[in-house]
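# Breakdown of the fold
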Amino acid sequence: MPIAVDIDVMLARRKMSVGELADRVGITPANLAVLKNGRAKAVRFATLAALCEVLECQPGDLLRWESEDDAEDDAGAEVSRVGVKTPGVSGL
């Protein structure tokens, strides 16, 4: 997906857990995990605003655009790092 999510980077900078962030933002940890892991198809502006308020950051600190080629290269790097070779499966 051309939009990459960097919530984990901001969590590390703020020394905050996923559970604490979810609690403070008002969403479930499962929904935050979907967003954090790049599996979300959409995000409400209200949720994005709440994330930015709690993490004291700007939307650009959480979201960035990648070209399709970069995203495919990253997916291939993930697969090769864990030693799993699954032809025809991407986005693991």
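Residue positions are counted from 1 within each chain, in the order its sequence is given. Only residues with pLDDT of at least 70 get local features here, since the model is predicted, and only at 80 or more are side-chain atom pairs given and counted; chain-wide, interface and lining totals rely on the full set of residues. To get the side-chain values, take all heavy atoms of the structure and skip hydrogens and water.

Next up on the list: the overall build of the protein. What the protein contains, in helices and strands, is six helices and two strands. Listing the helices and strands of the protein from first to last along the sequence gives β-α-α-α-α-α-β-α. In the protein, the proportion of contacts linking residues at least 24 apart, taken out of those at least 6 apart, comes to 60%. Counting only carbon and sulfur atoms, one obtains 53% of the accessible surface of the protein, whose full area is about 6,400 Å². By the criteria applied, helices consist of DSSP H or I runs no shorter than four residues and strands consist of E runs no shorter than two, each listed in order from the N terminus. Two residues qualify as a contact provided that any one of their heavy atoms is within 4.5 Å of a heavy atom in the partner residue. Here the accessible surface of atoms and residues is derived via Shrake-Rupley with a 1.4 Å probe, and residues count as covered only by protein chains that are part of the display.

Another aspect to go through is the pattern of salt bridges. One side chain can pair with another of opposite charge once the charged atoms of both are near each other. Between Lys or Arg on one side and Asp or Glu on the other, a salt bridge is scored when a side-chain nitrogen of the former is within 4 Å of a carboxyl oxygen of the latter. Under the defined criterion, the tally for this structure stands at three salt bridges. Residue D6 is joined to R64 by a salt bridge in which the shortest nitrogen-to-oxygen separation is 2.6 Å. Of this pair, D6 sits in the loop between β1 (3-5) and α1 (7-14) while R64 sits in strand β2 (residues 63-65), placing them 58 residues apart in sequence. By relative accessible area, D6 is classed as buried at 15%. Three exposure classes are used, based on accessible area relative to the maximum for each residue type with a 1.4 Å probe and protein chains only: buried under 20%, partly exposed in between, and exposed over 50%. We classify R64 as partly exposed; its relative accessible area is 37%. R24 is the partner of E20 in a salt bridge, and the nearest nitrogen-oxygen pair spans 3.4 Å. With E20 and R24 both in helix α2 (residues 18-25) and four residues apart, the pair spans about one turn of that helix. Taking relative accessible area as the criterion, E20 reaches 35% and is therefore assigned partly exposed. Several salt bridges share partner residues, and in doing so they unite D6, R64 and E66 into one network.

Okay, the side chain of E66 next. By the secondary structure assignment, E66 is in the loop between β2 and α6 (68-82). Exposure remark for E66: the relative accessible area of 12% places this residue in the buried category. One polar contact links E66 to R64, side chain to side chain, over a distance of 2.7 Å. Two N or O atoms form a polar contact when they lie within 3.5 Å of each other; inside protein one atom must be a possible hydrogen donor and the other a possible acceptor, and for residues adjacent in sequence the pair counts only when both atoms belong to side chains.

What follows concerns the confidence of the model for the protein. Here pLDDT means the predictor's own confidence in every residue, given as a number from 0 to 100. Across the protein, pLDDT averages 83, with 75% of residues at or above 70. Low pLDDT (under 50) marks residues 78-92, which in the prediction has five contacts with non-local residues, meaning those over four places away or in another chain.

Taking the C-alpha atoms as reference points, R64 and P2, separated by 62 residues in sequence, lie 8.2 Å from one another. With sequence-adjacent residues up to four places away left out, R64 is seen in contact with P2, I3, A4 and D6. Reaching out from R64, the side chain makes a polar contact with the side chain of D6 at a distance of 2.6 Å.

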